[in-house]
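Residue strings, one per chain:
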Amino acid sequence: GVLIRDPRNPRKVFAGLRRNSHGDGTLALPGGHLEMYETWEECAIRETLEETGLNINNVKFGHVTNDIMRKDQGKHYVTIFMMGECVCPDTRPHNLEPHKCDGWDSYDWEDLCRFAERSGLTDSHERNLDKNGNDGSPILFGPLLKLVEEAPVNVMNFLNKSP
């Protein structure tokens, strides 16, 4: 996953709702699988460009999580989180893979923490769902949920530092 600082609000990062894959309907960062011989930085730059059209730089390691996804066909991933900034300060993400994502928006750490709290609640009464089964806040994709729960220092520093 790639934490991409929103140039219009540097305390926010871009995330979108997943579609047609494990974690369908959950909020996730841009990202994907490493290609053969690719560095983590190259993967972050490529995946961000493919999914959002954003060119990023200053890409660095953020954190790693161990993600066992029992609900999703018994998948087990090690997720490497990278952090980067948009090259152009006026740029906005575009949904270049609409079959995989419902679109991009930006969220601050408090938003993600609030979504994480609600992501852990499975009872509809606890989540205060409306008649359509919606409470207005997204559920976090497993790796992003774990990242928020672990709140690693270098990710927190990245989000709290101006570019």
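Residues numbered from 1 in each chain as written. Predicted model: local features only at pLDDT ≥ 70, side-chain atom pairs only at ≥ 80, totals over all residues. Heavy atoms only, no water.

S.K.: How do you make sense of the overall build of the chain when you look at a structure like this?
M.R.: Of the regular secondary structure elements, the chain holds five helices and seven strands. Moving toward the C terminus, one meets the helices and strands of the chain in the order β-β-β-α-β-β-β-α-α-β-α-α. Relative to its 163 residues, the chain shows a buried fraction of 43%. Of the accessible surface of the chain, which amounts to about 9,100 Å², a share of 50% is contributed by carbon and sulfur atoms. (Helix = DSSP H or I, 4+ residues; strand = E, 2+ residues; numbered from the N terminus. Buried < 20%, exposed > 50% of the residue type's maximum accessible area, 1.4 Å probe, protein only. Areas by Shrake-Rupley, 256 points an atom, 1.4 Å probe, with all protein chains shown as cover.)

S.K.: Explain the side chain of Thr 79 here, please?
M.R.: With respect to the secondary-structure elements, Thr 79 resides in strand β5 (residues 75–86). There is a polar contact of 2.6 Å between the side chain of Thr 79 and the side chain of Asp 67. When near neighbours in sequence (up to four residues on either side) are disregarded, Thr 79 contacts Gly 1, His 63, Val 64, Thr 65, Asp 67 and Pro 143. (Polar contact = N/O pair within 3.5 Å; in protein donor to acceptor, adjacent residues only side chain to side chain. Contact = heavy atoms within 4.5 Å.)

S.K.: Hey, could you run me through unusual backbone geometry in this one?
M.R.: For residues other than glycine, phi is negative in most cases, and the peptide bonds are mostly trans. Phi at Tyr 37 is positive, roughly 70°, even though this residue is not glycine. Tracing the chain through its elements places Tyr 37 in the loop between β3 (26–28) and α1 (40–52). You will see that Ala 151, though not glycine, has its phi angle at about 40°, which is positive. Considering the arrangement of structural elements, one finds Ala 151 in the loop between α4 (142–150) and α5 (153–160).

S.K.: Would you mind going over helix α2 (residues 109–119) with me for this structure?
M.R.: Residues lying three or four places apart along an α-helix face the same way, a consequence of the helix completing one turn every 3.6 residues. Buried within α2 are the following residues: Trp 109, Asp 111, Leu 112, Phe 115, Ala 116 and Ser 119. On an axial view of α2, the arc spanned by its buried residues comes to 155°, and they lie on one face. Turned more than 90 degrees away from the buried face of α2, the exposed residues are Glu 110 and Glu 117. Summarising the contacts, the buried residues of α2 are in contact with β2 (9–18), β3, β6 (101–108), β7 (139–140), α4 and α5. For α2, the side-chain oxygen to backbone nitrogen distance between the N-cap and Glu 110 is 3.1 Å, and the N-cap itself is Asp 108. (Arc of directions from axis to C-beta.)

S.K.: What is the right way to read the environment of Gly 16 from this model?
M.R.: Within the element layout of this structure, Gly 16 appears in strand β2. The class for Gly 16 is buried, based on a relative accessible area of 3%. In this structure, the C-alpha to C-alpha distance between Gly 16 and Pro 30, residues 14 residues apart in sequence, is 7.5 Å. Residues in contact with Gly 16, not counting those within four places in the same chain, are Thr 26, Leu 27, Ala 28, Cys 101, Gly 103 and Trp 104.

S.K.: What am I meant to see in the packing of aromatic side chains here?
M.R.: For any pair of aromatic rings, the description consists of the separation of the ring centres together with the inter-plane angle of the planes. In the structure shown here, the tally under the stated rule is two aromatic pairs. Measuring from ring centre to ring centre gives 5.8 Å for Trp 40 and Phe 61, while their planes differ by 35°; the resulting arrangement is tilted. In this pair, Trp 40 is assigned in helix α1 and Phe 61 in strand β4 (residues 56–69), connecting sequence segments 21 residues apart. Residue classification places Trp 40 among the partly exposed positions, given a relative accessible area of 38%. Directly above the ring of Phe 158 sits Arg 5, whose terminal nitrogen or CZ lies 4.1 Å from the centroid. (Phe/Tyr/Trp six-rings, centres within 6.5 Å; stacked < 30°, edge-to-face > 60°. Lys NZ or Arg CZ within 6 Å of the ring centre and 35° of its normal.)

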